[in-house]
Amino acid sequence: MQQAVQRQVRAAVEPADRTIRLALAGCGTVGGALLEQLTRRSSAIAHRHGIRIDVVRILVRDERRDRGGHVPRDLVTTDLHEFLATDCDIVVEAIGGTDTAVVIARHALMCGRALVTANKALLAARGAELADLARRHDAPLSFEASVAGAVPIVRVLRDALPHAGVSAVRGVLNGTTNYLLTRMHAGATFEAALAEAQRFGYAEADPARDLDGRDAADKVAVLAWQAFGVPPGRVHVETRGLLPWPDRIVADAVALGGVARSVGEARRNAAGVSCTVEPVVVNGDSPLAGLVGADNLVEIETAAAATIRLAGPGAGGDATASALLADILAAAPSPPAPARNVGPAADTRRHRWSISVPAARREELAAAAHRIRVPAADVTEDGLHVRLLTEPVDRSLAGALVRALELQACEPVLLRVER
Ligand code: NAP
Ligand code: HSE
């Protein structure tokens, strides 16, 4: 039964060179969307990456909750120990919080498994420790989904701009608050807009983390880490969210002739790295004001390349799952490396060979075979040609006979016989 359901998750019957076993912790907004994408994209993944991803265990809190047809029920467990004991290559952590999440993360890395997480609270609290474990156990740790949803800011900071002289990373880093501010500027009430953001899956399980700025502060800490190498536990993020007066923030921004946005920033200065999250009034024609709904925008100020902007969906199941999927594919164990010290070699097996010549040259064939000591298993003639079938012999012996016949212009034809 379990295998049958795994097949559902794989969906495709496309050829794949390797199978990656994935254990998923959390099947809410993000984990559920990831499962759905793994199912929908399995065929494309097999084609493009040559891998098939088998979900082998799913950890949740409530086993009875209805999760839709794409979630195989017999893979679901509420037993943390059973989850940890599951044999797998990659662990995806999408439960949130820091208590159970850190147990899962530590265990995965200490077992040498790849860990992919969307959990910025975990990284802000334990990022340095987890990175150290990852290094010591040679286990990949990936967290693109933890900041700015589908916007690939972690990868850009880490891989694309290592020597660009980044001086600041700033922008809108919380989709829920941007959604709220957009809707409130359009006349919606705070309560109605928050209910919508929760319905769309943008908000954290505890939406207070979005509203009071802690969620964005965790992301600023992760960005400061990636941009400046300062471990998350070593930065202080001065944080002011939308609470307690979200309506007044919008009203004041309008009175000032601008638009309210919640902006997070990590900036290097002479003393170190300063980090903030706070409401900001921006001009109506600025890129931040143009950012609507749950979109995020990150500006990277660099010495070498001026300002680079990345924007896109910053929250929600699909946006976040797409970043998780990219990390999963990047972390998937590589195919076995080609063997070293393997060079060209002769075929050492013995084969049967058929050597034919025109019927008029039968004497030359018999004489050459005798001289070179090629044992004949059979000799046949069809009027046009005479054909000698050898006993199993080395390739070199058959080759020597053919060369001898060629020297006599006997036009030999050599076939290896596999029948
Ligand atoms: P969610 O909808 O509340 O889902 C959480 C999932 O984890 C649920 O399936 C829940 O089980 C399970 N879970 C929670 N605590 C657990 C525990 N102690 N043991 C076992 N299972 C547990 O949350 P989410 O929105 O998907 O967010 C998950 C993570 O992704 C968080 O770290 C969040 O910050 C991050 N993230 C979210 C978004 C977003 O747009 N939502 C975007 C980027 C990153 P039940 O289903 O049984 O309750
Ligand atoms: N609650 C978060 C947000 C999810 O609204 O930005 C994405 O990290």
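Conventions adopted
Residues numbered from 1 in each chain as written. Chains lettered and ligands numbered in written order. Predicted model: local features only at pLDDT ≥ 70, side-chain atom pairs only at ≥ 80, totals over all residues. Heavy atoms only, no water. Helix = DSSP H or I, 4+ residues; strand = E, 2+ residues; numbered from the N terminus. Contact = heavy atoms within 4.5 Å. Near = heavy atom within 4 Å. Polar contact = N/O pair within 3.5 Å; in protein donor to acceptor, adjacent residues only side chain to side chain. Areas by Shrake-Rupley, 256 points an atom, 1.4 Å probe, with all protein chains shown as cover. 1 Å grid on protein atoms, 1.4 Å probe; cavity = no way out; pocket = protein on both sides within 12 Å on 5 of 7 lines; lining within 4 Å. Sits in = over half its atoms within 2 Å of the grid points. Nonpolar A, V, L, I, M, F, W, Y, C, P; charged D, E, K, R; others polar. Pairing = 2+ DSSP bridges. Axes fitted to C-alpha atoms, helices over the stretch in contact; angles between N-to-C directions.

A. Region of interest: the side chain of Lys120. Relative to the assigned elements, Lys120 resides in helix α6 (residues 120-136). Setting aside chain neighbours within four positions, we find Lys120 in contact with Ser146, Glu204, Asp215, Asp218, Lys219 and Val222.

B. The site of ligand 2, seen in detail. Taken together, Lys120, Asn174, Gly175, Thr176, Tyr202, Ala203, Glu204, Asp210, Asp215, Lys219, Gly314 and Ala315 make up the full set of residues near ligand 2. One of the backbone nitrogen or oxygen atoms of Gly175 is found 2.7 Å away from an oxygen atom of ligand 2. In the model, a nitrogen atom of ligand 2 is placed 2.7 Å from a nitrogen or oxygen of the Tyr202 main chain. Burial of ligand 2 by the surrounding chains reaches 94%, relative to a free accessible area of 250 Å². When atoms are counted within 2 Å of each cavity's grid points, the one that captures over half of ligand 2 is the largest pocket. If you list the elements that add at least two residues to the shell around ligand 2, you get α8 (175-185) and α11 (214-228). Counted by class, the shell around ligand 2 contains three nonpolar, four polar and five charged residues.

C. Quick peek at the sheet that holds strand β3 (residues 76-77). Ordered by their spatial adjacency, six strands build an open sheet running β3-β2-β1-β4-β5-β6, and the pairing between neighbours is parallel. Strands with a single pairing partner mark the edges of an open sheet, and in this sheet they are β3 and β6 (141-142). Packing against the sheet, helix α2 (residues 29-40) makes contact with β1 (18-25), β2 (51-59) and β4 (90-93), and its axis sits at approximately 150° to β2.

D. Inspection of the site of ligand 1 at higher detail. The immediate surroundings of ligand 1 are formed by 26 residues, with Asp62, Arg65, Arg67, Glu204 and Gly316 found nearest. For ligand 1, an oxygen atom lies 3.1 Å from a polar atom in the backbone of Gly28. The separation between an oxygen atom of ligand 1 and a polar side-chain atom of Lys120 is 3.0 Å. Coverage of ligand 1 by the protein amounts to 88% of the 900 Å² it exposes when considered alone.

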